[in-house]
Amino acid sequence: MAGVVEELVKKAGGCAVIDGGFATQLEALGADINDPLWSAACLITKPHLIKEVHMQYLEAGADVIISSSYQATIPGFLARGLLLEEAEGLLRTSVQLAREARDEFWKSTLRSSKPVYNRALVAASIGSYGAYLADGSEYSGSYGDDVTAEKLKDFHRRRLQVLASAGPDLIAFEAIPNKMEAQALVELLEEEDIQVPSWICFSSVDGKHLCSGESFGDCLQILNASEKVAIVGVNCTPPQFVEGIIRDFKKQTKKAIAVYPNSGEVWDGRAKRWLPVECFGRKSFDVMARRWQEAGASLVGGCCRTTPSTIRAVSNALKSRSSWVRVYY
Ligand code: MET
Ligand SMILES: [Zn+2]
């Protein structure tokens, strides 16, 4: 594990807390994210809301906050009519907003008499090629025959360079749906000699494979071979699969494991609405978080449809067993 992560996990009592659904909370604060750029549209229109969401997750106990760049891409911004310099500037802004929130929050907690927080880390988010396409391939992993690893590297290259140079503590590749993209990212990290430690998290719809149907084991072998990858895991995956996935990963990697599942609700693309959780209530996220830690996760948080209250519950569940004071509201 990279030094900075190891230190944070230790300080957090064995399991650090990642924030929750970013786009979800942005929408809850009134942002319109029905946009090809999704939550990244707010980098143009409502940057103050982005900072507010980061603050809310920090207050809830997040030890790692993830920037608003998941669906922020240079071609996406250019298609919106922005210039290249403006597009790159917005990518840097996404990291800057998270750093500002972290620094301001940390300063304010230092002033309080009972320090109950860690100084959080900022992870620069990078979504998959499928997230940019916004055509459903984000959750199928099917990019078609004309997409090669080289094409994926070229798609990711400049954004990775710009985000890495903006001063994040980590790079977070999120919801990677297939093996070719995992391979492309590992090669790109080496080619560009990125010094910021990375995590690569996959998405899964069945708990046994990536969204593409490929095996976790084959992908983990690729990630295991790279020193640039500090953390591996899954995100935006139904929570009921996570414990099994951690146990499976544990057998196949020595890297730290991060899990930040969605709420278990399912997005109905045609009806454009979330279908309710079938087999468990949202309340149990904190109970599950303990089991995920016991199964071997070093970082636990939430993805789509989880909120600051989910993360507060997770933080209290994980930290109450160490010497932590609970965060009350
Ligand atoms: C589709 S997964 C989205 C991940 C992103 N960090 C978010 O929470 O909005
Ligand atoms: Zn998600």
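Residues numbered from 1 in each chain as written. Chains lettered and ligands numbered in written order. Predicted model: local features only at pLDDT ≥ 70, side-chain atom pairs only at ≥ 80, totals over all residues. Heavy atoms only, no water.

Peer 1: How should the overall build of the protein be read in this particular structure?
Peer 2: Scanning the protein for helices and strands turns up 13 helices and 10 strands. Compactness check: the protein gives a C-alpha radius of gyration of 18 Å against a globular reference of 20 Å for 329 residues, within 12% of the reference. Along the three orthogonal principal directions, the C-alpha set of the protein runs to about 55 × 45 × 40 Å. When the 329 residues of the protein are sorted by exposure, 58% land in the buried category. Residue pairs at least 24 apart in sequence account for 77% of intrachain contacts in the protein once pairs closer than 6 positions are excluded. A total accessible area of about 13700 Å² is found for the protein, and carbon and sulfur atoms account for 50% of it. (Helix = DSSP H or I, 4+ residues; strand = E, 2+ residues; numbered from the N terminus. Rg over C-alpha atoms; globule rule 2.2 N^0.38 Å. Buried < 20%, exposed > 50% of the residue type's maximum accessible area, 1.4 Å probe, protein only. Contact = heavy atoms within 4.5 Å. Areas by Shrake-Rupley, 256 points an atom, 1.4 Å probe, with all protein chains shown as cover.)

Peer 1: Would you mind showing me how to read helix α6 (residues 84-111) here?
Peer 2: Because an α-helix packs 3.6 residues into every turn, residues spaced three or four apart end up facing the same way. Between its terminal C-alpha atoms α6 stretches 41 Å, which fits the 40 Å expected from 28 residues at 1.5 Å a residue. If you check which residues of α6 are buried, you get Ala87, Glu88, Leu90, Leu91, Ser94, Val95, Leu97, Ala98, Ala101, Arg102, Phe105 and Thr109. Its buried side turned inward, α6 meets α3 (41-45), α4 (47-60), β2 (64-66), α5 (74-79), β3 (121-126) and α8 (149-164). (Expected span 1.5 Å × (residues − 1).)

Peer 1: Explain the pattern of salt bridges here, please?
Peer 2: When the charged atoms of two side chains lie near each other, side chains of opposite charge can form a pair. According to the stated counting rule, one finds 19 salt bridges in the structure shown. The residue Lys153 makes a salt bridge to Glu187 at a minimum N-O spacing of 2.7 Å. Placement of the pair is Lys153 in helix α8 and Glu187 in helix α9 (residues 179-191), with a sequence separation of 34 residues. Residue classification places Glu187 among the partly exposed residues on the basis of a relative accessible area of 27%. Bridged by salt links that share partners, the residues Glu150, Lys153, Asp154, Arg157, Glu187, Glu191 and Glu192 form one connected network. (Salt bridge = Lys/Arg side-chain N within 4 Å of Asp/Glu carboxyl O.)

Peer 1: In this structure, what is going on with the coordination of the zinc ion (ligand 2)? I would like to understand it.
Peer 2: Where a metal carries four tetrahedral donors, each ideal angle is 109.5 degrees; where it carries six octahedral donors, the ideal angles are 90 or 180 degrees. Donor atoms from the polypeptide that coordinate the zinc ion (ligand 2) comprise Cys236 (SG), Cys303 (SG) and Cys304 (SG), at 2.2 to 2.3 Å from the metal. For the zinc ion (ligand 2), the four donor atoms are set out with angles of 92 to 132° between them, so the coordination reads as tetrahedral. On the primary sequence, the residues serving as donors to the zinc ion (ligand 2) are separated as C-x66-C-C. On the criterion of sequence distance, the pair formed by Cys236 in the loop between β6 (229-235) and α11 (242-252) and Cys303 in the loop between β10 (299-300) and α13 (308-319) is long-range, its members being 67 residues apart. (Donors = N, O, S within 2.8 Å, 3.2 Å for Na, K, Ca; no water. Tetrahedral: all angles 85-135°; square planar, octahedral: opposite > 155°, others 65-115°.)

Peer 1: Even after reading the chapter, I still don't get the nonpolar core, so can you show me in this structure?
Peer 2: The tendency in soluble globular proteins is for nonpolar side chains to be buried as a group. In terms of nonpolar packing, the biggest core is built from 81 residues, with Phe202 and Trp292 touching the most fellow members. Contacts of Phe202, omitting those with residues within four sequence positions, involve Ala175, Ile176, Ala182, Leu210, Phe216, Cys219, Leu223, Gly233, Val234, Asn235, Thr237 and Phe249. Ranked by size, the runner-up nonpolar core spans 24 residues in total, among them Leu8, Ala123, Ala172 and Cys201. (Core = buried A, V, L, I, M, F, W, Y, C linked by side-chain atoms within 4.5 Å.)

Peer 1: Teacher, can you tell me more about the packing of α4 against α13 here?
Peer 2: How two helices pack is summed up by the angle between their axes together with the distance between the axes. Running from N to C, α4 and α13 point in directions that differ by 25°, and their axes come no closer than 8 Å. With respect to their mutual orientation, α4 and α13 come out roughly parallel. Along this stretch, α4 crosses α13, giving a crossing that reads as right-handed. Touching Gln56, Tyr57 and Ala60 of α4 are Pro308, Ile311, Arg312 and Ser315, all from α13. Along the lines of polarity and charge, the residues of the contact of α4 with α13 split into four nonpolar, two polar and one charged. (Axes fitted to C-alpha atoms, helices over the stretch in contact; angles between N-to-C directions. Parallel < 35°, antiparallel > 145°, perpendicular 65-115°, else oblique. Left-handed = near helix turned anticlockwise from the far one by under 90°. Nonpolar A, V, L, I, M, F, W, Y, C, P; charged D, E, K, R; others polar.)

Peer 1: Help me understand helix α10 (residues 216-224) in this model?
Peer 2: Those residues of α10 lying buried are Phe216, Gly217, Cys219, Leu220, Ile222 and Leu223. In this structure, the buried side of α10 is in contact with α9, β5 (198-202), β6 and α11.

Peer 1: Explanation requested: the state of the cysteines in the structure shown.
Peer 2: Each disulfide is one covalent bond, formed between the sulfur atoms of two cysteines. In total, this model carries zero disulfides according to the counting rule given. No disulfide involves Cys15; its nearest neighbouring cysteine sulfur is the one of Cys201, lying 13 Å away. (Disulfide = S-S within 2.5 Å.)

Peer 1: Please explain the site of ligand 1 as it appears in this structure.
Peer 2: Close to ligand 1 lie Gly21, Phe22, Ala23, Trp38, Tyr70, Glu138, Tyr139, Glu174, Cys236, Cys303 and Cys304. Here an oxygen atom of ligand 1 and a backbone polar atom of Phe22 are 2.8 Å apart. Partitioning the shell around ligand 1 into residue classes produces eight nonpolar, one polar and two charged. (Near = heavy atom within 4 Å. Polar contact = N/O pair within 3.5 Å; in protein donor to acceptor, adjacent residues only side chain to side chain.)

Peer 1: I'm lost on the UniProt feature "binding site: Zn(2+)" (unreviewed entry) in the protein in this one. Help?
Peer 2: Taking the UniProt record as the reference, the feature "binding site: Zn(2+)" (unreviewed entry) is found at Cys236, Cys303 and Cys304. Spanning 69 residues, the annotated positions come together in the fold, the maximum distance between their C-alpha atoms being 6.2 Å. Using a relative accessible area of 7% as the deciding quantity, one classes Cys236 as buried. Once residues within four sequence positions are removed from consideration, Cys236 is found in contact with Tyr139, Ser203, Tyr260, Pro261, Asn262, Cys303 and Cys304. Those residues in contact with Cys303 that lie beyond four places of it in its chain are Gly20, Gly21, Asn235, Cys236, Tyr260, Pro261 and Asn262. (UniProt positions renumbered as here; feature names shortened; annotations may be inferred.)

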